[in-house]
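Structural overview
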Amino acid sequence: MEALRSRLAELGRWLLPARCLLCGAAGHDDLDLCRDCAAELPRNRSCCARCALPLAMPAALCGRCQRRAPPWDAAWAPFRYGWPLDRLESRFKFGRDLAAGRSLAALWLRESCPVPLPDLILPVPLHRGRLRQRGHNQALELARPLSRGLGVPLRQDLLQRPRDTRAQSELDAVARRRNVRGAFALRQGVVLPAHVAIVDDVMTTGSTLAECARVLRRAGVGRVDAWALARAPAPRG
């Protein structure tokens, strides 16, 4: 089956050569991005190891984490949320452009992965109403190729979102924390492994991932990691 999928994908690339989603030039290296646009995506290689906040110099703990550590153990966010990644991510998340999501996930897999790997990957869930409206869960669409590429099991049915919430993008940091408080739950009877990673598309204040991490901590998970495609920089002022 895997060989058949590979052959079909190769045939598709021959019939419809990849074009860059940003500039329209020829795609490169099996991506819907050209070499130049892919290289322009802002990498997050100098950051806080605990929360992935972009920093001038890498650090085990940024000032914020020293004052109040997040409820997860480590974070992995290989990109910074900025041009042109923000355009691709917006098209993927709100425009149902799954080709953009596939390219972003492929690029994520090409970045250095954390060690040790988790025993299980859980995507941040959407409320069923938001899922119907959007048509896909962007966290799940990113988590699937990560699971296959890293060889880590994925479960999309364990972490649930029984309470609908406002869009986090509309809120400030304090309101974001209040908005997601109590929004997540685990399916009853779930037994989780010792090390779990939660996957989301963008980490801004970390409120959503933090609330998910608290649910897992209460369930007895020993180590929780927070993974996101991109990390937003600290707000100015």
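Bear in mind that the values here come from a model prediction, so they are computed numbers and not experimental data.

1. Points about the overall build of the protein chain
Of the regular secondary structure elements, the protein chain holds 9 helices and 7 strands. Burial analysis of the protein chain (237 residues in total) assigns 46% to the buried set. Summed over its atoms, the accessible surface of the protein chain is roughly 12,600 Å², and 52% of this surface lies on carbon and sulfur atoms.

2. Considering helix H5 (residues 98–109)
With 12 residues, H5 extends 17 Å from end C-alpha to end C-alpha; this agrees with the ideal 16 Å at 1.5 Å per step. If you check which residues of H5 are buried, you get Ala99, Ala100, Gly101, Ser103, Leu104, Ala105, Leu107 and Trp108.

3. Some points on the pairing of strand E7 (residues 223–231)
Extensive coverage of E7 is indicated by the burial of 8 of its 9 residues. As paired strands, strand E1 (residues 74–76) and E7 are joined by 3 bridges and run parallel to one another. Bridging from a neighbouring strand, Ala74 pairs with Asp225 of E7. Summarising the sheet, strand E2 (residues 79–80) and E7 pair through 2 bridges and their orientation is parallel. The partner of Arg80 across the bridge, within E7, is Arg231. Of the strand pairs in this sheet, strand E6 (residues 195–203) and E7 are connected by 8 bridges, and their pairing is parallel. Paired with Val202 across the two strands is Ala230, which belongs to E7.

4. A look at the pairing of E6
Most of E6 sits inside the fold, with 9 of its 9 residues counted as buried. As paired elements, strand E3 (residues 120–123) and E6 share 4 bridges and run parallel to each other. The partner of Ile121 across the bridge, within E6, is Ala197. Crossover connection from E6 via helix H9 (residues 207–218) to parallel E7: handedness right-handed.

5. A short note on the packing of helix H4 (residues 85–94) against H5
Any two packed helices are characterised by the angle at which their axes cross and by the distance between the axes. Contact pair H4 / H5: the axes reach a minimum separation of 7 Å and the direction vectors enclose 130°. By the criterion of interaxial angle, the relationship of H4 to H5 is oblique. The two elements H4 and H5 cross, and the hand of that crossing is left-handed. Of the residues in H5, those touching H4 at Leu85, Leu88, Glu89 and Phe92 are Leu98, Ala100, Gly101 and Leu104. Taken together, the residues of the contact of H4 with H5 sort by class into 6 nonpolar, 1 polar and 1 charged.

The rules we used
- Residues numbered from 1 in each chain as written.
- Predicted model: local features only at pLDDT ≥ 70, side-chain atom pairs only at ≥ 80, totals over all residues.
- Heavy atoms only, no water.
- Helix = DSSP H or I, 4+ residues; strand = E, 2+ residues; numbered from the N terminus.
- Buried < 20%, exposed > 50% of the residue type's maximum accessible area, 1.4 Å probe, protein only.
- Areas by Shrake-Rupley, 256 points an atom, 1.4 Å probe, with all protein chains shown as cover.
- Expected span 1.5 Å × (residues − 1).
- Pairing = 2+ DSSP bridges.
- Right-handed = clockwise from strand over helix to strand, strands pointing away.
- Axes fitted to C-alpha atoms, helices over the stretch in contact; angles between N-to-C directions.
- Parallel < 35°, antiparallel > 145°, perpendicular 65-115°, else oblique.
- Left-handed = near helix turned anticlockwise from the far one by under 90°.
- Contact = heavy atoms within 4.5 Å.
- Nonpolar A, V, L, I, M, F, W, Y, C, P; charged D, E, K, R; others polar.

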